[in-house]
Amino acid sequence: MVHIKERLLSLLGIARRIGFFHLLSANLLIQIAGFGGQIFLTRILSVEDIGVIKILQSYLNIFLIIASLGINTSILKLCSEDIEDKEKINIFNIGFILTIFSSFSLIILILAIEHFSLLNIDSTINKLLKIYIFLVPILTLINLIIVYLQAQQKIKQMSYIQSLSKIIIIIFSTLCAYLSGLHGYIWSLVILNFISLLMTVPFIKNELVSIFSIKISTGIVKRIFNIAFFAFGANLLGVLLSNINIIMANHLINDTKEIGYYGIAQLIVTTMMLIPSTLGQIMVPKISKVSNNIKDVQDILRIYQVRNTFLAVSVAVLAAISAPFILPFVFGISYQNSVVYFEILLIGFVCWSLYSPKGMTLMSIGRSDMNFYVSLISLVFNIILNYILINNYGMYGAAIANSLTYFITIFINIYFFNKVVKGKKELL
């Protein structure tokens, strides 16, 4: 017991020094605001409305990945390298222009698809999606700016931007939901996130000043897309893995109330994932700088993997014990049904935490192609399991399918990671 306490205190001290708590607090606010501050919304909107929001968010998450084209991952990787500031700014500006073009092109495409009703979704969701879709260019650009600051290890500046903007979003979007219901809430998200985008401008003013003197060379564009191509595939497959069960459930059982209960459970688990993933965000620039030395890469990974596992297991155990009391208290007694979903999804959270540092490492050393293969195989398992289990067990089947998929992915990830390590060692 004394050893565990000493270990925990040591980890807390390290976390403070590397900016972990600054980044974690910002990430937590992002997650709360991103799902609409549902801790507050559950007291204002109906369970059915919460289900509709979750369906909309599932579509939005997929659209955001498509709009980004993996360019954000390229910016994080390339601008983390030991290169001149002038070159970093040029790379960022190219990524910024490409992101604007891809985001608005996607909006035009989606609105055209919606016009011809090719998505075959509920009319209410269809109407709201036409508003919600304008979050795509806004959030894609915000994310690009954030990863650019992260690449330069400007953790506190990045956290300040995120925290302040998300506090504003939580307060005013909840107020709009109270005054104008679901439609007012959706409109407020678009307007408030646009204001958040404007708030990031002072932090990249030097970059934006030089955007008109940008030097677009085929070499830089090629480097960006060499990383972005597989990163885009891996990110898209990853977000499908997290959201496909909601979309499939909407078509297979069409029960927005149960999707609402499930959505609350998934919200909490996704928020919990920010704890280990925040460590990963700090790890990426460190590994990128030594990406040519596989021994140094493994040493850094080993340290973060121990910390990651310790944090994840501790949080999961605490959450499992407290969930039956905390969830109904925070969200209301009607959300008692969310507890079972949450307990099932916790198993998946622990499994994901065991392999996610290796995925971040593969991305850091420029092997996003391996993450793509891992995600592709995992998604195939996930779709099959979701189809079988949702048809037989409803949203309980969706929760089981996700946790089973994360368990299977542990072994898929290990195989591809070891393959990369072995290849790099043979080159030495």
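Under an unreviewed UniProt entry, the name given to the chain is Flippase, and the organism recorded is Aeribacillus composti. Under the heading Subcellular location (unreviewed entry), UniProt records this for the chain: "Cell membrane".

Peer 1: Lay out the overall build of the chain with the relevant residues and their values.
Peer 2: A count of helices and strands for the chain gives 16 helices and zero strands. When burial is assessed residue by residue, the chain has 56% of its 428 residues classed as buried. Pairs at least 24 residues apart make up 83% of the contacts formed inside the chain by residues separated by at least 6 positions. Carbon and sulfur atoms make up 69% of the accessible area of the chain, which amounts to about 19100 Å² in all.

Peer 1: Run through the packing of aromatic side chains, naming residues and quoting values.
Peer 2: When we look at a pair of aromatic rings, we describe it by the centre distance and by the angle of the planes. For the structure shown, the criterion picks out 10 aromatic pairs. With a centroid separation of 5.7 Å and 80° between ring planes, the pair formed by Tyr 261 and Tyr 335 is classed as edge-to-face. You can see Tyr 261 sitting in helix α12 (residues 256-289) and its partner Tyr 335 sitting in the loop between α13 (294-331) and α14 (338-364), a full 74 residues away along the chain. By relative accessible area, which is 6% here, Tyr 261 ends up buried.

Peer 1: Go over the packing of helix α5 (residues 71-78) against helix α8 (residues 135-151), please, and point to the residues and values.
Peer 2: Axis separation between α5 and α8 bottoms out at 8 Å; the angle between their running directions is 15°. What the angle tells us is that α5 and α8 run roughly parallel. Between α5 and α8 the crossing geometry is right-handed. Residues Ile 71, Asn 72, Ile 75 and Leu 76 of α5 form the contact with α8, whose own contacting residues are Asn 143, Leu 144, Val 147, Tyr 148, Gln 150 and Ala 151. Grouping the amino acids of the contact of α5 with α8 by side-chain chemistry returns seven nonpolar, three polar and no charged.

Peer 1: Account for the environment of Ile 138, naming residues and giving values.
Peer 2: Here Ile 138 shows up in helix α8. Residue Ile 138 is classed as buried on the basis of its relative accessible area, which comes to 8%. With 59 residues separating them in the primary sequence, Ile 138 and Leu 197 have C-alpha atoms 6.5 Å apart. The contacts of Ile 138, once residues within four sequence positions are left out, are Val 190, Asn 193, Phe 194 and Leu 197.

Peer 1: Can you lay out the packing of helix α11 (residues 218-252) against helix α15 (residues 368-393) for me, pointing to particular residues and giving the numbers?
Peer 2: As a packed pair, α11 and α15 sit with axes 8 Å apart at the nearest point and diverge in direction by 10°. Judged by the angle between their axes, α11 and α15 are roughly parallel. For the contact of α11 with α15, the residue count by class is 18 nonpolar, 10 polar and one charged.

Peer 1: Tell me about the confidence of the model for the chain, and name the residues and values.
Peer 2: For the chain, mean pLDDT is 79; residues scoring 70 or higher make up 83% of the total. Low pLDDT (under 50) marks residues 14-24, which in the prediction has 28 contacts with non-local residues, meaning those over four places away or in another chain.

Peer 1: Account for the environment of Thr 99, with residues named and values stated.
Peer 2: By the element assignment, Thr 99 lies in helix α6 (residues 85-115). For the pair Thr 99 and Ser 68, spaced 31 residues apart in sequence, the C-alpha to C-alpha distance is 6.0 Å. Those residues in contact with Thr 99 that sit more than four places away from it in its chain are Ala 67, Ile 71, Thr 140, Leu 141 and Leu 144.

Peer 1: How would you summarise unusual backbone geometry if you had to cite specific residues and measurements?
Peer 2: Residues other than glycine seldom take positive phi values, yet Leu 69 does so here, at roughly 60°. Tracing the backbone shows Leu 69 in the loop between α4 (47-68) and α5. On the basis of relative accessibility, which here comes to 30%, the residue Leu 69 falls in the partly exposed class.

Peer 1: Would you mind going over the side chain of Ser 338 in detail, with residue names and values included?
Peer 2: With respect to the helices and strands, the residue Ser 338 is situated in helix α14. On the basis of relative accessible area, Ser 338 is assigned to the buried category, the value being 0%. Contact partners of Ser 338, with chain neighbours within four places excluded, come to Tyr 261, Ile 264, Ala 265 and Leu 327.

Peer 1: Residues and numbers for a nonpolar patch on the surface, please.
Peer 2: Side chains of Leu 252, Leu 376, Ile 377, Val 380, Phe 381, Ile 384, Tyr 387 and Ile 388 sit close together on the surface and give an oily, nonpolar patch of about 670 Å² of accessible area. No other element matches the seven residues that α15 contributes to the nonpolar patch. One can find Phe 381 in helix α15.

Procedures and definitions
- Residues numbered from 1 in each chain as written.
- Predicted model: local features only at pLDDT ≥ 70, side-chain atom pairs only at ≥ 80, totals over all residues.
- Heavy atoms only, no water.
- UniProt positions renumbered as here; feature names shortened; annotations may be inferred.
- Helix = DSSP H or I, 4+ residues; strand = E, 2+ residues; numbered from the N terminus.
- Buried < 20%, exposed > 50% of the residue type's maximum accessible area, 1.4 Å probe, protein only.
- Contact = heavy atoms within 4.5 Å.
- Areas by Shrake-Rupley, 256 points an atom, 1.4 Å probe, with all protein chains shown as cover.
- Phe/Tyr/Trp six-rings, centres within 6.5 Å; stacked < 30°, edge-to-face > 60°.
- Axes fitted to C-alpha atoms, helices over the stretch in contact; angles between N-to-C directions.
- Parallel < 35°, antiparallel > 145°, perpendicular 65-115°, else oblique.
- Left-handed = near helix turned anticlockwise from the far one by under 90°.
- Nonpolar A, V, L, I, M, F, W, Y, C, P; charged D, E, K, R; others polar.
- pLDDT = per-residue confidence, 0-100.
- Patch = residues over 30% accessible without salt bridge, like charges linked within 9 Å, V, L, I, M, F, W, Y side chains within 5 Å.
- Salt bridge = Lys/Arg side-chain N within 4 Å of Asp/Glu carboxyl O.

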